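# Observations on the three-dimensional arrangement
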Amino acid sequence: ETGVTQSPTHLIKTRGQQVTLRCSSQSGHNTVSWYQQALGQGPQFIFQYYREEENGRGNFPPRFSGLQFPNYSSELNVNALELDDSALYLCASSSSLAGGPDEQYFGPGTRLTVT
Amino acid sequence: KQEVTQIPAALSVPEGENLVLNCSFTDSAIYNLQWFRQDPGKGLTSLLLIQSSQREQTSGRLNASLDKSSGRSTLYIAASQPGDSATYLCAVKVSGSNYQLIWGAGTKLIIKP
């Protein structure tokens with residue numbers, strides 16, 4: 001059984017550019033959540049996808065968008081990058097019935113630096 | 001609005017000591033509480049998950065307790081080792097449309113050899 005994987009590991013972008021981060025969920029998991037973790041802080045919830053539909057969103061602007069695919073892998077897209085978007089982006093997968101509160105398993109994260 | 005606080009922000013103790021990390025939350029309506037470990041620049045490793053109906057969970061040298069009525073959880077680490085050095089975060093899963101995790105800022109733990 002493979003765990004949650006994320007790509008790329010590190011990424012450097014310029015302000016104003018767009019970025020796509022990818023996440024492969026753990027086998028059998030149908031729910032993916034994305035979090036942003038700034039340096040020295042706890043993660044902040046961005047959004048969650050359940051069976052290819054957005055199932056909730058945190059306090060992030062519309063330039064943060066996502067997708068979930070039929071195999072339950074997911075993408076996080078960020079448009080018009082700002083310096084404050086520099087952070088560790090974490091993906092977590094879980095096996096939920098109707099999006100219920102099952103344990104989340106985290107990937108290693110993607111470190112995004114915006115210059 | 002649920003808020004999670006972890007005190008202290010940093011802790012340095014000699015190897016071999018037993019220690020307690022604290023986590024408090026403002027809304028007792030939670031589904032569960034998890035403790036995670038994070039090594040520098042790395043992702044999160046789940047240590048213990050306590051369901052709302054449980055009082056504690058144990059794994060090896062780790063013991064986590066949950067008191068929903070007072071909005072508190074503690075992580076007890078016995079016989080600390082230098083390899084325990086990391087940031088420890090607690091997160092609560094709240095009811096709602098998406099069961100998102102609400103996180104504390106973490107306690108950075110340093111175990112001195």
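The rules behind these values
Residues numbered from 1 in each chain as written. Chains lettered and ligands numbered in written order. Predicted model: local features only at pLDDT ≥ 70, side-chain atom pairs only at ≥ 80, totals over all residues. Heavy atoms only, no water. Helix = DSSP H or I, 4+ residues; strand = E, 2+ residues; numbered from the N terminus. Buried < 20%, exposed > 50% of the residue type's maximum accessible area, 1.4 Å probe, protein only. Contact = heavy atoms within 4.5 Å. Areas by Shrake-Rupley, 256 points an atom, 1.4 Å probe, with all protein chains shown as cover. Pairing = 2+ DSSP bridges. Axes fitted to C-alpha atoms, helices over the stretch in contact; angles between N-to-C directions. Core = buried A, V, L, I, M, F, W, Y, C linked by side-chain atoms within 4.5 Å. Polar contact = N/O pair within 3.5 Å; in protein donor to acceptor, adjacent residues only side chain to side chain. Phe/Tyr/Trp six-rings, centres within 6.5 Å; stacked < 30°, edge-to-face > 60°. Buried area = accessible area lost by both parts, 1.4 Å probe. Salt bridge = Lys/Arg side-chain N within 4 Å of Asp/Glu carboxyl O.

## Points about the overall build of chain A
Each helix and strand counted, chain A has zero helices and eleven strands in total. Within chain A, buried positions represent 52% of all 115 residues. Considering only contacts within chain A whose residues lie at least 6 apart along the sequence, 54% involve residues at least 24 apart. Per element, the accessible surface of chain A, about 5400 Å² overall, is 48% carbon and sulfur.

## Focus on the sheet that holds strand E1 (residues 5–7) of chain A
All names here are of chain A. The four strands are arranged E1-E3-E8-E7 in an open sheet whose pairing can be described as antiparallel. Both edges of this open sheet fall to E1 and strand E7 (64–68), since each of them pairs with a single strand only. Going across the sheet, the axis of each strand differs from the next one's by a mean of 20°, ignoring polarity. Sheet analysis places E7 next to strand E8 (residues 74–78), joined by five bridges and oriented antiparallel. From the neighbouring strand, Gly-66 faces E8, where its bridge partner is Leu-76.

## Examining the nonpolar core
Residues B:Leu33, B:Trp35, B:Leu75 and B:Val92 are the most contacted members of the largest nonpolar core, which totals 24 residues. Listing elements by their share of this core, those giving two or more residues are strand E3 (19–25), strand E4 (30–38), strand E5 (44–51), strand E7 (62–67), strand E8 (72–77), strand E9 (86–94) and strand E11 (107–112) of chain B. With residues up to four places along the chain from it excluded, the contact list for B:Val92 reads B:Gln2, B:Val4, B:Phe25, B:Ile30, B:Asn32, B:Leu33, B:Gln100, B:Leu101 and B:Ile102. Counting residues in each nonpolar core, the second largest holds 20 residues, with A:Ile46, A:Phe47, A:Tyr89 and A:Val114 among its members.

## Some words on the environment of B:Ser85
Residues and elements named next belong to chain B. Along the chain, the position of Ser-85 falls in the loop between E8 and E9. The class of Ser-85 is partly exposed, set by a relative accessible area of 24%. Distance from Ser-85 to Arg-61, taken between C-alpha atoms, is 14 Å for residues 24 residues apart in sequence. Other than its neighbours up to four places away in sequence, Ser-85 contacts Arg-37, Asp-39, Leu-109, Ile-110 and Ile-111. One polar contact links the side chain of Ser-85 to the main-chain carbonyl oxygen of Pro-82, over a distance of 2.9 Å.

## Some remarks on the packing of aromatic side chains
In the structure shown here, the tally under the stated rule is eight aromatic pairs over all chains. Considering the side-chain rings of A:Phe106 and B:Phe36, the 5.4 Å spacing of their centres and the 85° angle between planes classify their relative orientation as edge-to-face. Linking A:Phe106 in strand E10 (residues 105–106) with B:Phe36 in strand E4, this pair reaches from one chain into another. Residue A:Phe106 shares its accessibility class with B:Phe36, and that shared class is buried. Taken together, the ring pairs in this structure connect A:Tyr35, A:Phe45, A:Phe106, B:Phe36 and B:Trp103 into an aromatic cluster.

## Focus on the sheet that holds strand E1 (residues 4–7) of chain B
Residue and element names in this part refer to chain B. Here five strands make up an open sheet; going across it, the order is E1-E3-E8-E7-E6 and the pairing antiparallel. This sheet does not close on itself; its edge strands, each paired only once, are E1 and strand E6 (56–59). Sheet twist, expressed as the mean angle between neighbouring strand axes with direction ignored, is 15°. The pairing of E1 with E3 spans four bridges and is antiparallel.

## Details of the interface of chain B and chain A
Tallying the contact residues gives 21 residues for chain B and 23 residues for chain A. Across the chain B to chain A interface the summed buried area is about 1600 Å²; carbon plus sulfur atoms make up 53%. Run the count over chain B and chain A and you get zero salt bridges. Within the residue set of the side of chain B that touches chain A, elements represented by two or more residues are E4, E5, E9 and strand E10 (101–103) of chain B. The element that contributes the greatest number of residues to the side of chain B that touches chain A is E4(B), accounting for five residues.

## Here we look at the side chain of A:Gln68
Residues and elements named next belong to chain A. Note on placement: Gln-68 falls in strand E7. At 3.2 Å, the side chain of Gln-68 forms a polar contact with the backbone oxygen of Asn-30. Here Gln-68 is in contact with Asn-30, Thr-31, Val-32, Tyr-49, Tyr-50, Arg-51, Glu-52, Glu-53, Ser-73 and Ser-74, once residues within four sequence places are set aside.

## Considerations on the pairing of strand E9 (residues 87–94) of chain A
Residue and element names in this part refer to chain A. For E9, the tally of buried residues reaches eight of eight residues, placing the bulk of the element in the interior. Burial along E9 is two-sided: Ala-87, Tyr-89, Cys-91 and Ser-93 and Leu-88, Leu-90, Ala-92 and Ser-94, pointing in opposite directions, are all buried. As paired elements, strand E4 (residues 31–37) and E9 share seven bridges and run antiparallel to each other. Each bridged residue has a counterpart across the sheet, and for Val-32 the counterpart in E9 is Ser-93. Examined bridge by bridge, E9 and strand E11 (residues 110–114) share three bridges and lie antiparallel to one another. Opposite Tyr-89, over in E11, you have Thr-110 as the bridge partner. In this sheet, E10 lies alongside E9 in antiparallel orientation, the contact comprising two bridges. Looking at the pairing, Ala-92 lines up with Phe-106 of E10.

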